[in-house]
Amino acid sequence: MQKLAATAERVYVDGEKALEARFQEAVEALRARGIRMTPQRHAILAYMLKTRSHPTADEIYKALSPGFPSMSVATVYNNLKLFKEVGLVRELTFGDQASRFDGQLHDHYHVVCVVCGRIEDVEYPPDGRLPVALLRQEVLRQTGFRPLEHRFEVYGICSDCQKAGRSPERPAPAADASADEKPRRPAAIVPAAEETGA
């Protein structure tokens, strides 16, 4: 039991050190471009590097505004756009829905709940060695396009919505206005083979 606790503590400390290193690299990238680190910018950047929830600008504003009463949603959004330009966050768009932002820059995929809009990271294959190089080579071979980046989402129903008996036909009641800003499954998505009976 003590060995397990020691391992968990080491993972936590190593994770904290890695997060701090990522934060310092991000600050240096901003400074290199002559961008000053304001308290609000510091808080937004720290939030984005820590979270795995793919928040909207409004969600970040709601989380940080108690500590920054003079901050606005526009301040959050403008800083997110700046971080995107510098390469510190990715913007995830879903049609005409509010943009979501991802502070995890390594290659990974996303799973999106079509009921509540929850987005989670999927590491595939689990060992972290994505077949991206092969995909990029094939795209170039077939189309002549030189890929710069790619995105892949799987749409489904999260475990919480399944447990609550929610479905796209019976969504959860909207708790606030941001509930209307969730991603929806595009019409072109083809259901998995087991859903079609194939």
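What counts, and where the lines are drawn
Residues numbered from 1 in each chain as written. Predicted model: local features only at pLDDT ≥ 70, side-chain atom pairs only at ≥ 80, totals over all residues. Heavy atoms only, no water. Core = buried A, V, L, I, M, F, W, Y, C linked by side-chain atoms within 4.5 Å. Buried < 20%, exposed > 50% of the residue type's maximum accessible area, 1.4 Å probe, protein only. Helix = DSSP H or I, 4+ residues; strand = E, 2+ residues; numbered from the N terminus. Contact = heavy atoms within 4.5 Å. Disulfide = S-S within 2.5 Å. Pairing = 2+ DSSP bridges.

Quick notes on the nonpolar core
Residues L30, I44, L45, V76, L80, F83 and L88 are the most contacted members of the largest nonpolar core, which totals 24 residues. When contributions to this core are tallied by element, the ones reaching two or more residues are α1 (2-32), α2 (39-50), α3 (57-64) and α4 (73-86). At six residues, α2 tops the list of elements feeding residues into this core. Those residues in contact with L88 that lie beyond four places of it in its chain are A26, A29, L30, L45, F83, G103 and L105.

Considerations on the state of the cysteines
Going through the model one piece at a time under the given rule, you end up with zero disulfides. With no disulfide of its own, C113 lies 3.7 Å from the sulfur of C116, the closest cysteine sulfur. Residue classification places C113 among the buried residues on the basis of a relative accessible area of 2%. With no disulfide of its own, C158 lies 3.6 Å from the sulfur of C161, the closest cysteine sulfur. Looking at C158, the relative accessible area reads 12%, which means it is buried.

Focus: the pairing of strand β4 (residues 119-122)
Along β4, the buried face is formed by I119 and D121; none of E120 and V122, which line the opposite face, is buried. As judged from the four bridges shared by strand β3 (residues 109-113) and β4, these two strands associate in the antiparallel manner. Note on β4: the bridge partner recorded for V111 is E120. In this structure, the hairpin formed by β3 and β4 is closed by a connection of five residues, where G117 is found at a positive phi of approximately 85 degrees.

Taken by themselves, the reported measurements are silent on function.
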